[in-house]
There are 2 protein chains.
Amino acid sequence: MTSPLAAPSDSLAVGQRSLGDPDVRFPLWPPLTEGCPVTSTESVAYPVEVDYAYDKVPADLFATAAARPRGHERWAPLLPPLHAPGLAEGGTPLLPLADGVWIKDESRNPTWSHKDRLNRITVSAAVGAGAAGVVVASSGNHGASAAAYAARAGLRCAVVTSAEVPPAVDAFLRGYGAAVLPVPAEQRWPLLRRIVERTGYHPVSNLTPAAHTGHGFGPEGYKTLAYEIFTDLGTVPRAVFVPTGYGEMLFGLWKGFAELVRLGHAEAVPRLYGCEPAAGGPLAAAVRDGVPAAHVPLGPTAAYAIACPVGGYRGVVALRESEGGAVLVTDAELAAARAELAHSGVWAELSAAAGLAGLRQLGRPEEGPVVCVSTSSGFKDQDLLAAGPSAAVDPEDWDAVERRLRRA
Amino acid sequence: MTSPLAAPSDSLAVGQRSLGDPDVRFPLWPPLTEGCPVTSTESVAYPVEVDYAYDKVPADLFATAAARPRGHERWAPLLPPLHAPGLAEGGTPLLPLADGVWIKDESRNPTWSHKDRLNRITVSAAVGAGAAGVVVASSGNHGASAAAYAARAGLRCAVVTSAEVPPAVDAFLRGYGAAVLPVPAEQRWPLLRRIVERTGYHPVSNLTPAAHTGHGFGPEGYKTLAYEIFTDLGTVPRAVFVPTGYGEMLFGLWKGFAELVRLGHAEAVPRLYGCEPAAGGPLAAAVRDGVPAAHVPLGPTAAYAIACPVGGYRGVVALRESEGGAVLVTDAELAAARAELAHSGVWAELSAAAGLAGLRQLGRPEEGPVVCVSTSSGFKDQDLLAAGPSAAVDPEDWDAVERRLRRA
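All figures in this text were calculated on a predicted structure; none of them were measured in a lab. Residue positions are given per chain, counting from 1 as you read along its sequence in written order. Both sets of labels track the order of writing: A upward for chains, 1 upward for ligands. Only residues with pLDDT of at least 70 are given local features in this predicted model, and only at 80 or more are side-chain atom pairs given and counted; all residues enter the totals for whole chains, interfaces and linings. For the side-chain quantities, the full set of heavy atoms in the structure was used; hydrogens and water were omitted.

Some remarks on the pattern of salt bridges
All names here are of chain A.
Thinking step 1. The term salt bridge refers to a side-chain nitrogen of Lys or Arg lying within 4 Å of a carboxyl oxygen of Asp or Glu. In this structure the tally under the stated criterion is 36 salt bridges over all chains.
Thinking step 2. With its nearest N and O atoms 3.1 Å apart, the salt bridge here joins Arg-320 to Glu-321.
Thinking step 3. Partly exposed describes any residue whose relative accessible area lies between the buried limit of under 20% and the exposed limit of over 50%, with all areas from a 1.4 Å probe on protein chains only and scaled to the type maximum. Overall, the relative accessible area of 45% leaves Arg-320 in the partly exposed class.
Thinking step 4. Assessed through its relative accessible area of 41%, Glu-321 is described here as partly exposed.

Written out as structure tokens, the structure reads:
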């Protein structure tokens, strides 16, 4: 009997490196959770990334013929060490829409969002660092995912939320046994820091106010999206449209494709498009103003999972190096894309539809496959219960039944 | 570029056969949706099943080395024709718990439950039969899954629900554009029949009051659970514990394992255990009384997805032929099993924990791997929002924060 999960962790990670200056290097441990301590200033914060012994990557790592383990074990050489047990994260399907457009359905992950790709990595870092628990500031998918991986690893988990957390998501967080701490929005990061300092819990979300730097290891988990898209399509797509909050997934996609080029498997990185709610758009502002990260006013939007007033340098790197761009999508465009997905059998969260909304706004490139990432399920939406329950219908009144059938 | 979904449908299905008398045979089309018209009487209803040209099954169908399409296409020879487009159903992971116990996590399906394995098949039957829509009586996973596959196939979908449908599930059904028709519980099946008769919509749930017969093709989709468990473990497990309502999944598991034996890939069928809420238990009653199907009084239980007052002959066949048994689990046992799953990183619906609850009640067989099927996610639970939102905490009051951290 072979375990589909129990491949050994044979990571080729060799150290951490600043995105502000790639010559500034650090050892692999401890994981840097506040960005680069050398290149960052009070006004600009640069993240770090993980470097690997690329010359030792097995030549057949991307071959599809062999039976492979599931989950991040599949890509262990190009990931940080997998100290925490997995839940068979990733390996999500690429579903065809019409005209060469593909949906990468990330709702098929262990906690039904893309965040599992990151949290397998960050909770592994917490285990590797000997922490007793993890702490995360999140009102959604990130927190639930961290809670699930912490539970499986036998670590405690604290989730600092705001009062606006949707009720179903609140129950979701508690479902895994996490300590849920709703506080006023502006108090979330100070409390996160206090918990880190007083308990030694490992932070798996951002700690830096000047710009998003997040966990140095986490975005490596998103590289697997690029690896899977490449092996499923048998080629690199023309473009990838990505729902974008802090830009961690966008960066992971870029880095994964760039590694495929570096290792000689692909010719070029696809154009990456970071799709943000028009109510904010810090990445669009950073690109427009030519700065590493921007702060923007944040207006009302129901796309709470990707509504950010501050961005980070990772997204800028991904768009610049891939020759892609930032796309601002309105809530109406998001709702139309969500409806298009549902019509194809994919019930997505409003924020999850941002990739397809961005594609529909820009229009399809003339040739080659295009991938839109859909990040999570409709269960996470803030307006899930807003319409109230379906009205009862009198089964004896056929006209009423027929009207209901026609209306749908 | 190759599509991960677009394998041709090369079904070896040759006809339908009565479970009441295997010598009573019918052509493959039209699909029989009210059980066997020959052997059923007013008091006993027998389902039909699908027969195949087993001598033509490719010898390497169960080999794991080759790259394979995803979804039901992977097993097309042993399924009814796949006329409806897929969503990469199935292929869910087998997650290890301690001591040789494995969780088959069905929440990783397209609509996050096992029902997608059935509905790809039943909606394909509707497409093959030329129907304009499908109709289903369901207050949960079955309805949402039918709605998703109908949407993808361009068919209309009507879901007859009761007033007790959980609010999140109601939104879920409407998310795919289905017509939702809440009616008093006792009116659900009469209205379902009326819609079938007046609109020609294809019924994808049960129509027979004497016992559950359901759709003749549907349970074939559950056979893929057995195929996947076999190929992932590299062997047949000792036992499989299955959340059981009408016994369709139980039957599909038995038939899939029996086919593996018939085709020479496995030595024996594992013991199958049908795990029902103790508040009802029609399968346990049928086994106890030696009848093809039983009606029982149904007491209160929160395991609404598998709470049935009437059973069907499929479950009896599965338990008898596998030398397994029926297990009645209390809501307290279900809640304990749900907590054990959450502790391992799997947030399951209460009903979904019935398999693990059954195993914990009976105790583990002395040797060999054991599989518990977990059918769906915690988002579907009726009591999802019952506890109310998490209370706010004062971030300045460290003692209060610490108490919250300790309590989780």
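Next comes the rest of the description.
Digging into the relation of the copies chain A and chain B
Thinking step 1. Fitting of the copies onto one another was done by least squares over C-alpha atoms, counting residues only where both copies have pLDDT of at least 70. Superposing chain A onto chain B takes a rotation of 180 degrees plus a shift of 0.0 Å along the axis, which leaves an RMSD of 0.0 Å. Put plainly, the chains are arranged around a two-fold axis. Using C-alpha coordinates, one finds that chain A approaches the rotation axis most closely at Arg-108 of chain A, a distance of 2.5 Å.
Thinking step 2. Interface overlap between copies is the fraction of interface residues in one copy that are interface residues in the other; for chain A against chain B it reaches 99%, indicating a shared surface. Contacts are residue-level and defined by heavy atoms, with any inter-residue pair within 4.5 Å sufficient.

Things to note about the sheet that holds strand 2 (residues 25-26) of chain B
Residues and elements named next belong to chain B.
Thinking step 1. Across the sheet, which stays open at both edges, the three strands sit in the order 2-1-3 with antiparallel pairing between neighbours. In this open sheet, the two edge strands, each paired with only one partner strand, are strand 2 and strand 3 (48-52).
Thinking step 2. Note that strand 1 (residues 13-18) and strand 3 share five bridges and pair antiparallel. Its bridge partner being in strand 3, Ser-18 is matched across the sheet by Val-48. Any two strands with at least two DSSP-identified bridges between them are counted as paired. Secondary structure elements follow DSSP: runs of H or I of four or more residues count as helices, runs of E of two or more count as strands, with numbering from the N terminus.

Side note on the interface of chain A and chain B
Thinking step 1. If you look at the interface, chain A gives 83 residues, while chain B gives 82 residues.
Thinking step 2. Buried area is calculated as the accessible area (1.4 Å probe) missing from two parts once they are joined, with the contributions of both summed. Counting the surface lost from both chain A and chain B, the interface buries some 7,100 Å², and carbon and sulfur atoms represent 61% of this.
Thinking step 3. Any pair of N or O atoms that falls within 3.5 Å is considered a polar contact. Within protein, one atom must be able to donate a hydrogen and the other to accept it, and sequence-neighbouring residues count only if both atoms are side-chain atoms. The tally of links from chain A across to chain B stands at 30 residue pairs in polar contact (both at pLDDT 80 or more).
Thinking step 4. The class makeup of the residues in the side of chain A that touches chain B is 51 nonpolar, 18 polar and 14 charged. Following the grouping adopted for this structure description, the nonpolar residues are Ala, Val, Leu, Ile, Met, Phe, Trp, Tyr, Cys and Pro, the charged ones are Asp, Glu, Lys and Arg, and the polar ones are all others, Gly among them.

Quick notes on the nonpolar core
Thinking step 1. The nonpolar core is taken to be a set of buried Ala, Val, Leu, Ile, Met, Phe, Trp, Tyr and Cys residues, with the residues joined through side-chain atoms within 4.5 Å. Residues Val-134, Tyr-176 and Phe-241 of chain A together with Val-134, Cys-157, Tyr-176 and Phe-241 of chain B are the most contacted members of the largest nonpolar core, which totals 110 residues.
Thinking step 2. Ignoring any residue separated from it by four or fewer positions in sequence, one finds Tyr-176 of chain A in contact with Pro-110, Thr-111, Trp-112, Ala-144, Ala-147, Ala-148 and Ala-151 of chain A together with Ala-342, Gly-345, Val-346 and Trp-347 of chain B.

A word on the domain arrangement of chain A
Where the parts come together, the accessible area they lose is often given as the size of the interface.
Residue and element names in this part refer to chain A.
Thinking step 1. Each domain's extent was defined by an automatic or database domain assignment. Taken as a whole, chain A is organised into domain 1 (1-110 + 215-383) and domain 2 (115-203).
Thinking step 2. On a C-alpha basis, the centroid separation for the pair domain 1 and domain 2 is 21 Å.
Thinking step 3. Each partner contributes residues to the interface: domain 1 has 42 residues there, and domain 2 has 29 residues.
Thinking step 4. Between domain 1 and domain 2, the buried area comes to about 2,700 Å², and carbon and sulfur atoms account for 59% of it.
Thinking step 5. Scanning the region where domain 1 abuts domain 2 turns up five salt bridges.
Thinking step 6. In this structure, Glu-73 engages Arg-120 in a salt bridge whose closest nitrogen and oxygen atoms are separated by 2.8 Å.
Thinking step 7. Counting the contacts that link domain 1 with domain 2 gives 17 residue pairs in polar contact (both at pLDDT 80 or more).

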